Amino acid sequence: MQSEEKPKLALLGGDKTVAIDVGDMFDWPIITEEDEQAVLGVLRARKMSGLDISKQFEAEFAQWCGCKYALTAPNGTSAIQEVMFAVGIGVGDEIIAPSLTYWATALQVYSLGGTVVFAEVDPETLCIDPDDIEHRITKRTKAIVVVHYLGYPCDMDRIMAIAEKHNIKVIEDVSHAQGSLYKGRMLGAIGHIGAMSLMTFKPFAIGEAGILVTNDRKYFERAIMFGHYLRQSEPGTITDPELAAIKGLPLGGYKNRLNQIAAAMGRVQLKYQKQRIAEVDKVMNYFTDRLEGLPGLRAHRPKKDSGDFKGGWYCPAMHYVPEELGGLSASRFCEAVRAEGVQDVFPGTNKPLHLHPVFNTVDIYGHGKPTRIANSDRDLRQPKGSLPITEKIASLIIRIPHFRRYRPEVIDVFANAFIKVCKNYKELLAGDKGGDEEVGSWNLSRIGR
């Protein structure tokens, strides 16, 4: 009997696997007439710079997160800066954060006179490794900033125990993980204070916005004092006598009021957030299940029945195991998948922050020495080789399509493209030029774009 001929890879002259109209499979956020009418209501009432709608959104968002307080900001970067100030980070203080993250997790600490010590990540979760935190704590350490990377929950029980032992605070950067759960608990409500971006690519997306959440009234009031001058004078807002005595001007010198167009959209989006990210979770798990057992690919998702939930699957990815594909580089593998008609499949993660000049050689404020060490009493720069897992991980991660609608007949076509490449990987080895040393980006959402 004649053996069935294997389909030829599109990269080598064969037909594309994905040649269908995918419609709105990738559209996000989901915008309906209800969103449009909410936005138009703000415009027509000329309330863009008001506070009433933002306060309503904050109250609803806090309830959704299971926190007492929420405070909006123009973007996630300013929200994270506010929480750093809120917990008391100032001149000479240190934070501990993962190097595998977007710069806005840590860079704002410079503006407060502090600096950052980077820790390793767990190679499976891609989140900060609890085993690499404690030995980095000094008398200057004020907080641990954890990032629920790509929506995967950090090991919060262990991290909170370390923080309690050393009397330091835990800041949750939830920018990848709005709606994600750790052992059934909402992220952002587990640490002492949380903050996140709500920009267009995020699981909860309302344009350009940020928000912080906390159960601590003191932190909430300090955040208001930092960048919300109009709110300071509202009756009952600032209850701390020391803060009340100096209210009227923003202590940080910033104006962090949210445009209420975003707040109005946020109120509508929040009504449907739970069901929408549940559908994303369903479709991404279906797609990942289709790839289960293929050589070279491993899922990046919480274990079933763990109580963890990867809400929204921000920038979904898979682990890449080149030795199972004859050493084929991730760059060559992704090139072949893209040729099959699957867009936005690229190797890489965020590049390691500890290797960027801003954290090594740049004197931002004119101290006469790099800012990283000007704000410290020691040279805490971390050269190449100091965080080997973080430095290597980009070449072992590939980005996969981010489906938003559960349509198995469409998803199966995309899965077949990956299956085809995995089964025919040997044909790609001869033309493999490598290049994985350069993969990744400082801006995660721009990888491959």
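Residues numbered from 1 in each chain as written. Predicted model: local features only at pLDDT ≥ 70, side-chain atom pairs only at ≥ 80, totals over all residues. Heavy atoms only, no water.

A.B. asks: Quick question: what am I supposed to make of the nonpolar core here?
C.D. replies: Proteins that are soluble and globular tend to have nonpolar side chains buried together. Ranked by internal contacts, the top residues of the largest apolar core, which has 59 residues, are Phe61, Ile128 and Ile144. For this core, the elements supplying multiple residues, two or more each, are helix 1 (33–45), helix 2 (52–65), strand 3 (115–119), strand 4 (141–147), helix 4 (156–166), strand 9 (210–214) and helix 8 (260–291). With six residues, the single largest contributor to this core is helix 8. The residues contacting phenylalanine 61, other than those within four sequence positions of it, are Met196, Phe204, Ile211, Val213 and Leu270. The next biggest cluster of nonpolar side chains, apart from the first, holds 40 residues, and it includes Leu9, Val18, Tyr320 and Phe418. (Core = buried A, V, L, I, M, F, W, Y, C linked by side-chain atoms within 4.5 Å. Buried < 20%, exposed > 50% of the residue type's maximum accessible area, 1.4 Å probe, protein only. Helix = DSSP H or I, 4+ residues; strand = E, 2+ residues; numbered from the N terminus. Contact = heavy atoms within 4.5 Å.)

A.B. asks: Quick question: what am I supposed to make of the pattern of salt bridges here?
C.D. replies: Think of it this way: side chains of opposite charge can pair up when their charged atoms draw near. Tallied over the entire structure, the rule returns 23 salt bridges. The salt bridge involving lysine 271 is made with glutamate 34; its shortest N-O contact spans 2.6 Å. Taken together, the residues span a long stretch of sequence, with lysine 271 in helix 8 and glutamate 34 in helix 1 at a distance of 237 residues. Glutamate 34 gets classed as partly exposed once you look at its relative accessible area, which sits at 28%. A salt bridge links arginine 332 to glutamate 335, with the shortest nitrogen-to-oxygen separation between them at 3.2 Å. Of this pair, arginine 332 and glutamate 335 both sit in helix 9 (residues 330–339), three residues apart, which is roughly one turn of the helix. Salt bridges here are not isolated pairs; linked through shared partners, they connect Asp24, Arg405 and Arg407. (Salt bridge = Lys/Arg side-chain N within 4 Å of Asp/Glu carboxyl O.)

A.B. asks: When you look at helix 1 in this model, what are you seeing that I'm missing?
C.D. replies: For the α-helix, the turn length of 3.6 residues means that residues three or four positions removed from each other point alike. For helix 1, spanning 13 residues, the distance from its first C-alpha to its last is 18 Å, which sits close to the expected 18 Å at 1.5 Å a residue. For helix 1, the set of buried residues is Asp35, Ala38 and Val42. End-on view of helix 1: buried residues confined to an arc of 65°, all on one side of the axis. Projecting away from the buried face of helix 1 at angles above 90 degrees are the exposed residues Glu33 and Arg44. On its buried face, helix 1 is in contact with helix 2 and helix 8. Where helix 1 ends, the next residue or the one after it, arginine 46, has phi of about 55°, a positive value. (Expected span 1.5 Å × (residues − 1). Arc of directions from axis to C-beta.)

A.B. asks: Would you mind showing me how to read the sheet that holds strand 3 here?
C.D. replies: Spatial strand order, 1-9-8-5-4-2-3: seven strands in an open sheet with mixed pairing. Every other strand in the sheet has two partners, leaving strand 1 (69–73) and strand 3 as the edge strands with one partner each. The mean inter-strand angle of the sheet, taken between neighbouring strand axes irrespective of direction, is 20°. Contacts from helix 5 (residues 217–227) reach strand 1, strand 5 (169–173), strand 8 (193–197) and strand 9 within the one sheet, and its direction differs from that of strand 1 by about 20°. (Pairing = 2+ DSSP bridges. Axes fitted to C-alpha atoms, helices over the stretch in contact; angles between N-to-C directions.)

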